[in-house]
Amino acid sequence: MSRLPPLALYIHIPWCVKKCPYCDFNSHGLKGALPERVYVDALLKDLDQDLPRVQGRSLSTIFFGGGTPSLFSAEAIDRILEGVRARLPLTTDAEVTLEANPGTVEQGRFAGYKSAGVTRLSIGVQSFDAKKLDVLGRIHSSHEAKHAAEQAHAAGLSNFNLDLMYALPKQDLPEALADLEQAVALQPAHISHYQLTLEPNTLFAAHPPLLPEDESVWTMQEACQAFLADQGYAQYEISAYAQPGRQARHNLNYWRFGDYLGIGAGAHGKLTDASGAVTRLWKLKHPDAYLESAGTPKSYGGVSQVATSELPFEFMLNRLRLVEGFTAGDFEAATGLSMVQVTEPMQRALELGLLETTIDGWKVSSRGHNYLNDLQSLFLPKDANRKASA
């Protein structure tokens, strides 16, 4: 492979005030004091261990995810970023995003994050309806959510995202649109708009709430997409909408099959070497186990090279989430393979109307985005398809 893909860094902060009933991320309700200092030490040891894998490369984006990263002080975030910059060069326009929950944001903290080097916030609102927030187990109020957005603007961090969900328990179309109207009034640069789904191993999966019927969900999705487009938020990914030039560059790197380091409890990484081989690696999930082993080989939950036969599916699993099209050159640069390898599934996707051709390549059709799982599954390795149908 003549040119390596862009490199990003994901930093996982695993603690929350309490676990939300719908959440399947590696997050843990905080019990006792937050081990901020020792966790920062562990993160930097973790990064030191991974450095030989990325020598000579620069970071284009950094993302603090969780959990709730805004539980950490501005001083801790500053120490992490200072440590990162001492170990890896950042591109001159590097994007640095930090996730924040309104209920954990103290007055003036956003300004401290900006001074530390954060350039973008992602604020977890989910809804502005008090009853829906209660059902979702959120610890913040509608007022706190709006105040967090105001603080972001005041701190000079107007490039922020608001996370919202729709198809919430007993939600109707006017309520879903009311959430978006209140979000847009806060002038975020970016809105993530997700359908609530019942994920395995969550409280909602064990005790399902009453969710809207499928027909109502489709109606909500279409109406919300139309509203966001009318307000100047262009859809560029299945659940992401942005003002011009405000797409989340870190997430775009994932979806374009770029590389990323992952440090922190349960963090995942994907790295390409000079030969084009792709390796996935991940760290131990539980914070206690991670803290005990950070910086040593025992901290790895696993390291696995992606088989050549799996690369087309890995690429399509990510790239097909995007509204933008892709070319044969995109596929070949990311996988090191020829498009000949996917002739059969590409033809099938075109026949089914899930893909359509463009001047220089292909893009997902509106039907394809509505049946994205079906489209992605066409690119599973043949042995995987046989197992799935057995």
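Everything that follows concerns the structure shown earlier in this document.
Residues numbered from 1 in each chain as written. Predicted model: local features only at pLDDT ≥ 70, side-chain atom pairs only at ≥ 80, totals over all residues. Heavy atoms only, no water.

## Quick look at the packing of aromatic side chains
Reasoning step 1: For the structure shown, the criterion picks out 11 aromatic pairs.
Reasoning step 2: The interplanar angle of 75 degrees and the centroid separation of 4.9 Å between the aromatic rings of W15 and Y39 together place this pair among those described as edge-to-face. Taken together, the residues W15 in strand 2 (residues 15–16) and Y39 in helix 1 (residues 36–50) connect sequence positions 24 residues apart.
Reasoning step 3: W15 gets classed as buried once you look at its relative accessible area, which sits at 8%.
Reasoning step 4: For Y39, a relative accessible area of 0% translates into the label buried.
Reasoning step 5: Ring centres of F315 and F326 lie 6.0 Å apart, and the angle between their planes is 75 degrees; on these two criteria the pair is classed as edge-to-face. (Phe/Tyr/Trp six-rings, centres within 6.5 Å; stacked < 30°, edge-to-face > 60°. Helix = DSSP H or I, 4+ residues; strand = E, 2+ residues; numbered from the N terminus. Buried < 20%, exposed > 50% of the residue type's maximum accessible area, 1.4 Å probe, protein only.)

## Some thoughts on the pairing of strand 7 (residues 160–166)
Reasoning step 1: With seven of seven residues buried, strand 7 lies mostly within the body of the structure.
Reasoning step 2: Here strand 7 shows two buried faces, one formed by F160, L162, L164 and Y166 and the other by N161, D163 and M165.
Reasoning step 3: Judged from the five bridges that link them, strand 6 (residues 120–126) and strand 7 form a sheet pairing that is parallel. The residue bridging Q126 from the neighbouring strand is L164, located in strand 7.
Reasoning step 4: In this sheet, strand 8 (residues 190–195) lies alongside strand 7 in parallel orientation, the contact comprising six bridges. Within strand 8, the position partnered with Y166 by the bridge is Q195.
Reasoning step 5: Taking the sense of rotation as the criterion, the β-α-β connection linking strand 7, helix 6 (residues 173–185) and strand 8 turns out right-handed. (Pairing = 2+ DSSP bridges. Right-handed = clockwise from strand over helix to strand, strands pointing away.)

## Observations concerning helix 6
Counting along an α-helix, one turn takes 3.6 residues, and residues three or four places apart therefore face a common direction.
Reasoning step 1: Here helix 6 is 13 residues long and its end C-alpha atoms lie 18 Å apart, about the 18 Å a rise of 1.5 Å per residue gives.
Reasoning step 2: Burial in helix 6 covers these residues: A176, D179, L180, A183 and V184. For helix 6, the arc enclosing every buried residue in end-on projection is 130 degrees, short of the 170-degree limit, so these residues lie on one face. For helix 6, the exposed residues set more than 90 degrees away from the buried face come down to P174 and A185.
Reasoning step 3: In this structure D172 caps helix 6, since a side-chain oxygen of it lies 3.0 Å from the backbone nitrogen of E175.
Reasoning step 4: Backbone geometry just downstream of helix 6 places Q187 in the positive-phi region, at approximately 60 degrees. (Expected span 1.5 Å × (residues − 1). Arc of directions from axis to C-beta. Polar contact = N/O pair within 3.5 Å; in protein donor to acceptor, adjacent residues only side chain to side chain.)

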